[in-house]
Amino acid sequence: MARKVKKRACDFTLLLATLLLVFIGIIMVFSSSWPEGIKSFNDGYHFLKKQIFASILGLIAMLFFMNFDYRIIKKMSKLIYIGSLLSGLLIFTPLGIVRKGARRWVDLGFTTFMPSDVIKLGSIIFIAAFLAKRKDIMKDFKKTTIPTIIIIGLSCGMIYLQKDLGTTVTLAMTLMSVFFVAGMKVSHLFLMIAVASVGLVLAITSDDNEYRMRRLTAFLDPFADKADTGWQAVQSLYALGSGGLFGLGLGKSRQKFFYIPEPHNDFIFAIIGEELGFLGGLTVILLFLVLIWRGIRIALNVEDLFGCLLATGIVALITIQSLIHIAVVTSSIPTTGIPLPFVSYGGTSLILYMSSVGILLNISRHVKLDRS
């Protein structure tokens, strides 16, 4: 049967799932951030107002990229990647600011942003374009695998310099997923996993990062030291456990009153579980599954390799980061600071993820259709 390429309307299911997640995020950021807003800014609506503003900007960005031909991005991939890396270097200039012991933010005067979010999207775009040009030599170790490892190492290294191991691992897994889907040799994948594993072990066990080892030991039995190293995991489990099936009710969380750190960001899923219960948490997970499912369908049906790899990278990033966030909250892995895409508080993250979905929606308009 003959095939033709036809531009069509964007994937409405993907769009709806994204908007519902953003809407839930606005509500839960408001609920979970009220105590912190009163304490730090004497304004319980402080985080809500900033999240709504970021959501509006994110919606504008999503609509723009939804109508911006993604194939043009391929031509700009190198420039985008260089720009993202340069944004990461800004944290080492006077513009870089320290918050909660980490230098991960850049202050532009009128706003602040996290370069790590920019690096994530820039790296996905660049590696998708890079691999698409090498589809005929994808299994060549010298011409493809080594340069790809260098790209992954450079991108992840820029984030690791910000002392953000969780995001480093997230990006590494995302970029390796893109390379795997592109058609790399399985033996090369095992080599990359081995090298990454050694790097991860060194990052945890080095003398300069003792706090990471304490988090690992606390993960094995958080209740053994629930007043110190196990505090975050224990309080998160208390929140999820007290929520039951239907939750305590919207706004009625107890753990957000300075028991759980960053309840509106790194542990927002725990507040969802506490206030909306198992059913609320399940609803959020199902929305992510719908988003991921539609993204995979887009990647499978897009007309060119670049579109396939770009869609793969975006979906992999959302999937991996969501899994890590939920795994941390449920104490399935050691504690690390990873926001939940579309839901957690954070302007840079929200705008970048909504922009990514905009790109994904544009890719969905270029699919293979059967001609009867």
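Residues numbered from 1 in each chain as written. Predicted model: local features only at pLDDT ≥ 70, side-chain atom pairs only at ≥ 80, totals over all residues. Heavy atoms only, no water.

A. Representation of unusual backbone geometry. Unlike most non-glycine residues, Asn42 shows phi in positive territory, near 55°. In the Ramachandran plot, Glu262 falls in the positive-phi region, its phi being about 50° despite a non-glycine side chain.

B. Main features of the environment of Ile296. Structurally, Ile296 can be placed in helix α11 (residues 268-301). Overall, the relative accessible area of 43% leaves Ile296 in the partly exposed class. Separated by 122 residues in the primary sequence, Ile296 and Thr174 have C-alpha atoms spaced 14 Å apart. (Helix = DSSP H or I, 4+ residues; strand = E, 2+ residues; numbered from the N terminus. Buried < 20%, exposed > 50% of the residue type's maximum accessible area, 1.4 Å probe, protein only.)

C. Molecular detail of helix α12 (residues 305-329). Taking 1.5 Å of rise per residue, 25 residues should cover 36 Å, and α12 covers 36 Å from first to last C-alpha, within 8% of that figure. Of all 25 residues that make up α12, 23 are buried, and the element is covered over most of its length. (Expected span 1.5 Å × (residues − 1).)

D. Layout of the sheet that holds strand β2 (residues 96-99). A sheet is described by the order of its strands in space; here three strands give the open sequence β2-β3-β4, paired in antiparallel fashion. Two strands close off the open sheet at either side, each with one partner strand: β2 and β4 (112-113). (Pairing = 2+ DSSP bridges.)

E. The arrangement of the pattern of salt bridges in detail. This model, assessed by the stated rule, comprises six salt bridges. Here Asp69 and Arg71 are joined by a salt bridge, their closest N and O atoms 2.9 Å apart. By relative accessible area, which is 23% here, Asp69 ends up partly exposed. The partner of Asp117 in a salt bridge is Lys120, and the shortest N-O contact between them spans 3.3 Å. On the criterion of helical spacing, the pair formed by Asp117 and Lys120 is a turn pair, its members being three residues apart in helix α5 (residues 115-132). Each member of the pair, Asp117 as well as Lys120, carries the same accessibility label: buried. The structure contains a network of salt bridges with shared partners spanning Asp69, Arg71 and Glu303. (Salt bridge = Lys/Arg side-chain N within 4 Å of Asp/Glu carboxyl O.)

F. Summary view of the packing of α5 against α12. Here α5 crosses α12 at 145°, and the two axes come no closer than 8 Å. Classified by chirality, the crossing of α12 by α5 is right-handed. Each of Lys120, Ile124, Ile125, Ala128, Ala129, Leu131 and Ala132 in α5 lies in contact with α12, whose residues at this interface are Leu305, Phe306, Leu309, Leu310, Gly313, Ile314, Leu317 and Gln321. When grouped by side-chain class, the residues that make up the contact of α5 with α12 number twelve nonpolar, two polar and one charged. (Axes fitted to C-alpha atoms, helices over the stretch in contact; angles between N-to-C directions. Left-handed = near helix turned anticlockwise from the far one by under 90°. Contact = heavy atoms within 4.5 Å. Nonpolar A, V, L, I, M, F, W, Y, C, P; charged D, E, K, R; others polar.)

G. The pairing of strand β3 (residues 102-107), seen in detail. Alignment of β2 against β3, held across four bridges, turns out to be antiparallel. Bridge pairing links Val98 to Arg103 in β3. Here β3 folds back onto β4 in antiparallel fashion, the turn holding four residues, of which Gly109 has a positive phi close to 95°.

H. Layout of the side chain of Thr174. Turning to its location among the elements, Thr174 is positioned in helix α7 (residues 165-182). Apart from residues lying up to four places away in sequence, Thr174 is in contact with Ile124, Gly313, Ala316, Leu317 and Ile320.

I. Representation of the nonpolar core within the structure. Judged by nonpolar contacts, the single largest core of 91 residues is most densely connected at Leu131, Leu310 and Phe342. Here this core gets 15 residues from one element, more than from any other, and that element is α12. (Core = buried A, V, L, I, M, F, W, Y, C linked by side-chain atoms within 4.5 Å.)

J. Just α5, in detail. With 18 residues, α5 extends 26 Å between its outermost C-alpha atoms, agreeing within 8% with the 26 Å of an ideal straight helix rising 1.5 Å per residue. In terms of residue burial, α5 counts as a mostly covered element, since 17 of its 18 residues are buried.

K. Up close: the confidence of the model for the protein chain. Summary statistics for the protein chain give a mean pLDDT of 91 and a share of 97% for residues scoring 70 or more. Predicted confidence is poor over residues 1-5, with pLDDT under 50, and the contacts of this stretch with residues over four places away or in other chains come to 13 contacts. (pLDDT = per-residue confidence, 0-100.)

L. Examining the packing of aromatic side chains more closely. Applying the stated criterion to the full structure yields 14 aromatic pairs. Ring centres 5.0 Å apart and planes at 90° place the aromatic pair Phe47 and Tyr345 in the edge-to-face group. You can see Phe47 sitting in helix α2 (residues 46-66) and its partner Tyr345 sitting in the loop between α12 and α13 (347-363), a full 298 residues away along the chain. The exposure classification of Phe47 matches that of Tyr345, with both residues buried. On the numbers, 4.5 Å between centres and 5° between planes, the contact of Tyr81 with Phe126 is stacked. Placement of Tyr81 in helix α4 (residues 77-89) and of Phe126 in helix α5 is noted, with a sequence separation of 45 residues between them. For Tyr81, a relative accessible area of 6% puts it in the buried group. (Phe/Tyr/Trp six-rings, centres within 6.5 Å; stacked < 30°, edge-to-face > 60°.)

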